[in-house]
Amino acid sequence: MKHVVVVGSGASGVHFAQSALDNGWRVTLVDVGRTAPAAELPQASFAQLKREHPDPAGYFLGQRFEGALFPGGKGEYYGFPPHKGYIFAPLDGLALRSRGFDPLLSFARGGLAEAWTGGSFPFTPDELRDFPFEPERLVRYYGVIAGRIGVSGAVDDLARFLPGHEHLAPGLRLDAHSEVLLGAYERAKPRLNRELRCFVGRSRSAVRADEREERHGCTYLGRCLWSCPREALYTPSITLRALLRREGFTYIPDHVVTRVEADDANRVKRVHARHVANGAALELDAPRVAFAAGTLASSKLLLDSLLAHGGAAPTLTGLMDNRQVLVPFVNLALLRKRVELDSYQYHQLALGLERDDPRHYVHGLVTTLKSALIHPIVQSVPLDLASALWIFRNAHAALGLVNVNFHDERRESCSLSLETARDESSTLLVRYEPAAQEPERIRSTLRDVKRALRQLGCFAPPGMTHVRPMGASVHYAGVLPMQREGGDLTTTPHGESRALGGLYFVDGSTFPFLPAKNLTFTLMANAARIADEAFGR
Amino acid sequence: MKNSSDERRPAAPGPAAQAGAASHVDPLLERECDVFVRYLSGTAPSDYVRERYLAAHEAGVVEPRGGATGFERWIVRRASSATWLVRALDAHQRVFANGSLLRRKLVLLLALLEVRAPHAEALDTPTGSSRAAMLFVLAWLGVRFALTVLLTTLVLAPFQLAFKWEARA
Ligand SMILES: Cc1cc2nc3c(=O)[nH]c(=O)nc-3n(C[C@H](O)[C@H](O)[C@H](O)COP(=O)(O)OP(=O)(O)OC[C@H]3O[C@@H](n4cnc5c(N)ncnc54)[C@H](O)[C@@H]3O)c2cc1C
Ligand code: SF4
């Protein structure tokens, strides 16, 4: 039986592993793999938790109050629940320095997508133009992945940007605010489409409405941000759990991979790892290795490996991420209405702005505010806290947020490199410089988004738009682009490294272009594609 | 002061209470907790909220990074004497020192109130006013805020200077 070692159990790693197993390969998955705490009061809704949890402050804010957001912080409108701290906890020995970029890494079972918001948006053939193969070779895997994880949505006005695919289930029950917005869109549609080239429709989310296998359907508990206790919202650890029961699959958690070793012909032959707690070394012989540690960690692994193999670590260029701008809005029709807490919490609608170049499409996730911690929002109102609270009470049901995403392209000035110390430890240096035309692009797009909101009966309060720092969207890609032909720092259309044969990159590292859409659905599809094409039977 | 609906709940001591934190309760902190909660919600804090407020201070999460200045501590002491003073000083700090000690304490209390019934529901229920009344109140809140900031700036300026002077000396 042929054998592959996979590094990382995130969205990319588990779907690569599943397809490789399906193809008859033996798979060993090495992972740091921090685990989630057990779900508390799994049947309780968001409001019930506040009534029934014996220590709700501990649950919502944390024993050390790490979930409380204080004024003067980064200007975000929500903080991460304390029990999700394990997802972002740093790893000792993985040093990182950055300029112009706020990097976020995960060493959890399931990786970053244990905290994702489930947005699952297929790329169009235009957006896949730089990928060195026929788009159809990737596009068909959207259906495969949707069948595995469960994606709900609709083929509606947004289909021009978000093509339909197999296994797209009907969307969840809309919350009242999203319904009002969709109704307003129907009325304003001719003008919005014509004048602003703006289209609104159902978002696409990796959430199930029906029961399947061990997962329950969504019952609108409204605690998605606090981790869905019913597993209706997909996370990669669900796939990992299923893999653990399969023959031919071995999971090695609590180990950090430090590098791969190559032979004289520059082909990988061994994986080096160490135990996270006691540092004990682990070596695994492997003629084929798949890196799925996330773009930053996978790149660091390659650089460390090249350093050990040839004595030098080059600079990888072309790091990409989606710039995100948060535009809060108030829907005047819903002022003084009671908020509906028992709803799906994340985006149920999306907004698309067409651009002359279809690759410059602008993607907005429209999240209406339902269950949420209110103190981060109330403190941002430019009034004393009691007055701000009075306004919030009357405006809660009317509040929403458009998370506007912009595309990114590979540029020399955005790079990853290694700095080594005397003790041979290395630090990953992340550098990011936005494109020169970015400020103007953001300005003109925001003008259109705000005009669109006005036509939907909403207004965006001045001074509250927040340009998130680069790195915040956590859609990292691009440093080892797939190309038909290229130098050592590129990969083949199967994501195989041209520097070290037998080493595959099955995460975002190899994307040659990053459209404005959240990329994880495509990460999973691409990982499954590589497994089928390069790890076939 | 105890909140009656909270008393019916099964006792749920937080970690600070379990560790015996209640044995050295700071009466000044308790007092400011009471006044600040009245300012935010119009009611007294429940035992749970009070206990968590003290625990947050013990955990050291309330102080701004780099520590609070003498002026910030003085503002907190003044604010804890009456709800109208909290409003005035909160407005001033919102404009001139958003991340100050008083603002941090108030936001912490808001966070504690919003996670625990029955405060949570009360904080999140529309006031039931008509559209016209709402617009009127909105305008009033804006005007009152502006006037308050103006007035507190004038009143606090000499004190602020004195604290700066003292710190330099
Ligand atoms: C709050 C939030 C919301 C998001 N929402 C969306 C969304 O709606 N839609 C969307 O498309 N995307 C979203 N994302 C982004 C998405 O989560 C990531 O794109 C995706 O999880 C990346 O998956 P990955 O498998 O490539 O890498 P990761 O998720 O980073 O997984 C890396 C894995 O590798 C392991 N690992 C790393 N280094 C080592 C090592 N040296 N040795 C051993 N193991 C290692 C880790 O333990 C982990 O299991 C969101 C992200 C966040 C944080
Ligand atoms: S609303 Fe969110 S938390 Fe509740 S069942 Fe649905 S997906 Fe899970």
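Further up the page is the structure itself.
Each value, and the rule that gives it
Residues numbered from 1 in each chain as written. Chains lettered and ligands numbered in written order. Predicted model: local features only at pLDDT ≥ 70, side-chain atom pairs only at ≥ 80, totals over all residues. Heavy atoms only, no water. Helix = DSSP H or I, 4+ residues; strand = E, 2+ residues; numbered from the N terminus. Buried < 20%, exposed > 50% of the residue type's maximum accessible area, 1.4 Å probe, protein only. Areas by Shrake-Rupley, 256 points an atom, 1.4 Å probe, with all protein chains shown as cover. Rg over C-alpha atoms; globule rule 2.2 N^0.38 Å. Lys, Arg positive; Asp, Glu negative; His and termini not counted. Charge placed at Lys NZ, Arg CZ, Asp CG, Glu CD. Core = buried A, V, L, I, M, F, W, Y, C linked by side-chain atoms within 4.5 Å. Contact = heavy atoms within 4.5 Å. Patch = residues over 30% accessible without salt bridge, like charges linked within 9 Å, V, L, I, M, F, W, Y side chains within 5 Å. Salt bridge = Lys/Arg side-chain N within 4 Å of Asp/Glu carboxyl O. Near = heavy atom within 4 Å. Polar contact = N/O pair within 3.5 Å; in protein donor to acceptor, adjacent residues only side chain to side chain. Buried area = accessible area lost by both parts, 1.4 Å probe. Nonpolar A, V, L, I, M, F, W, Y, C, P; charged D, E, K, R; others polar. Pairing = 2+ DSSP bridges. Axes fitted to C-alpha atoms, helices over the stretch in contact; angles between N-to-C directions. Right-handed = clockwise from strand over helix to strand, strands pointing away.

Enquirer: Can you walk me through the overall build of chain B in this structure?
Expert: Within chain B, the regular secondary structure consists of nine helices and zero strands. Each helix and strand of chain B, ordered N terminal to C terminal, gives the series α-α-α-α-α-α-α-α-α. Relative to its 169 residues, chain B shows a buried fraction of 46%. For chain B, the accessible area works out to roughly 8,500 Å², and carbon and sulfur atoms hold 63% of it.

Enquirer: For this particular structure, what's the right way to read the overall build of chain A?
Expert: Of regular secondary structure, chain A possesses twelve helices and 21 strands. Computed over its C-alpha atoms, the radius of gyration of chain A comes to 23 Å, within 12% of the 24 Å expected for a compact globule of 537 residues. If you line up chain A on its principal axes, its C-alpha atoms span 70 × 55 × 45 Å. The buried share of chain A, reckoned over its 537 residues, is 62%. Entry remark: accessible area of chain A is about 19,700 Å², with carbon and sulfur atoms responsible for 50%. Here chain A carries 63 positive and 58 negative side-chain charges, and the mean point of each set is 4 Å from the other.

Enquirer: Can you help me understand the nonpolar core in this one?
Expert: When a protein is soluble and globular, its nonpolar side chains tend to lie buried together. Grouped together as the largest cluster of nonpolar side chains are 83 residues, with contacts concentrated most on F60 and L61 of chain A together with F36, L109 and L112 of chain B. When residues in this core are grouped by element, the largest group, ten residues, is from helix α7 (residues 101-114) of chain B. What F36 of chain B contacts, discounting residues up to four positions off in sequence, is Y53, V76, A79, S80, V86, L102, K105, L106 and L109 of chain B. Core analysis: the second largest hydrophobic core is formed by 51 residues, A17, Y251, A292 and M524 of chain A among them.

Enquirer: Is there a simple way to explain a nonpolar patch on the surface in this structure?
Expert: Residue and element names in this part refer to chain B. A surface patch of nonpolar side chains, about 560 Å² in accessible area, is lined by F136, W140, V143, L147 and L150. Among the structural elements, L150 can be located in helix α9 (residues 131-168). For L150, a relative accessible area of 55% puts it in the exposed group.

Enquirer: Just to check I follow, could you spell out the site of ligand 1 for this structure?
Expert: All names here are of chain A. Every one of the 35 residues lining ligand 1 counts as a neighbour, but S12, D31, L112, T117 and T520 are closest to it. One nitrogen or oxygen atom from the main chain of V32 is found 3.3 Å from a nitrogen atom belonging to ligand 1. Notes on ligand 1: free accessible area 1,000 Å², of which the protein chains cover 95%. Sorting the residues of the shell around ligand 1 by element identifies α1 (11-22), β8 (255-262) and α12 (520-534) as the ones contributing at least two each. Top contributing element to the shell around ligand 1 by residue count: β8, with three residues.

Enquirer: Before we go on, may I ask you to explain the interface of chain A and chain B in this structure?
Expert: Size of an interface: often given as the accessible area lost when the parts come together. Tallying the contact residues gives 45 residues for chain A and 47 residues for chain B. Together chain A and chain B conceal approximately 4,100 Å² of surface at their shared face, both sides included; 63% is due to carbon and sulfur atoms. Across the contact surface, chain A and chain B share two salt bridges. Of all the secondary-structure elements, those providing two or more residues to the side of chain A that touches chain B are α2 (46-52), α3 (56-61), α9 (375-378) and α10 (385-395) of chain A. Grouping the amino acids of the side of chain A that touches chain B by side-chain chemistry returns 26 nonpolar, ten polar and nine charged.

Enquirer: Please clarify how the sheet that holds strand β9 (residues 268-275) of chain A should be interpreted in this entry.
Expert: Think of a sheet as strands paired side by side through backbone hydrogen bonds, with each pair either parallel or antiparallel. Residues and elements named next belong to chain A. With respect to topology, three strands assemble into an open sheet ordered β8-β9-β10, the strand pairing being antiparallel. Either end of the sheet is taken by a strand with one partner, and the two such strands are β8 and β10 (281-285). Looking at each pair of strands side by side, their axes are set apart by 25° on average, direction ignored. Pairing between β9 and β10: five bridges, direction antiparallel. Following the sheet pairing, R270 is matched in β10 by D285.

Enquirer: Help me understand the pairing of strand β1 (residues 3-7) of chain A, please; the structure alone is not making it clear to me.
Expert: All names here are of chain A. Among the five residues that make up β1, five are buried, leaving the element largely enclosed by the rest of the structure. The alternating pattern of β1 places H3, V5 and V7 and V4 and V6 on opposite faces, both of which are buried. As paired elements, β1 and strand β2 (residues 26-30) share five bridges and run parallel to each other. Across the sheet, the residue bridging to V6 is L29, located in β2. Between β1 and its parallel partner β2, the chain crosses via α1, and the hand of that crossover is right-handed. Relative to strand β11 (residues 289-291), β1 runs parallel, the two being bridged by three bridges. The residue of β11 that forms the bridge with V5 is V289.

Enquirer: Honestly, the pattern of salt bridges in this entry has me stumped. Any pointers?
Expert: Close approach of charged atoms lets side chains of opposite charge pair. All names here are of chain A. Tallied over the entire structure, the rule returns 37 salt bridges over all chains. The salt bridge involving R241 is made with E214; its shortest N-O contact spans 3.1 Å. On the criterion of sequence distance, the pair formed by R241 in helix α7 (residues 236-243) and E214 in the loop between β6 (198-202) and α7 is long-range, its members being 27 residues apart. When the shortest N-O distance is used, the salt bridge between E533 and R529 registers 2.9 Å. One end of the pair is E533 and the other is R529, both in helix α12 and four residues apart, which spans about a single turn. Overall, the relative accessible area of 0% leaves R529 in the buried class. When salt bridges that share partners are traced, they join E214, E231, R241 and R245 into one network.

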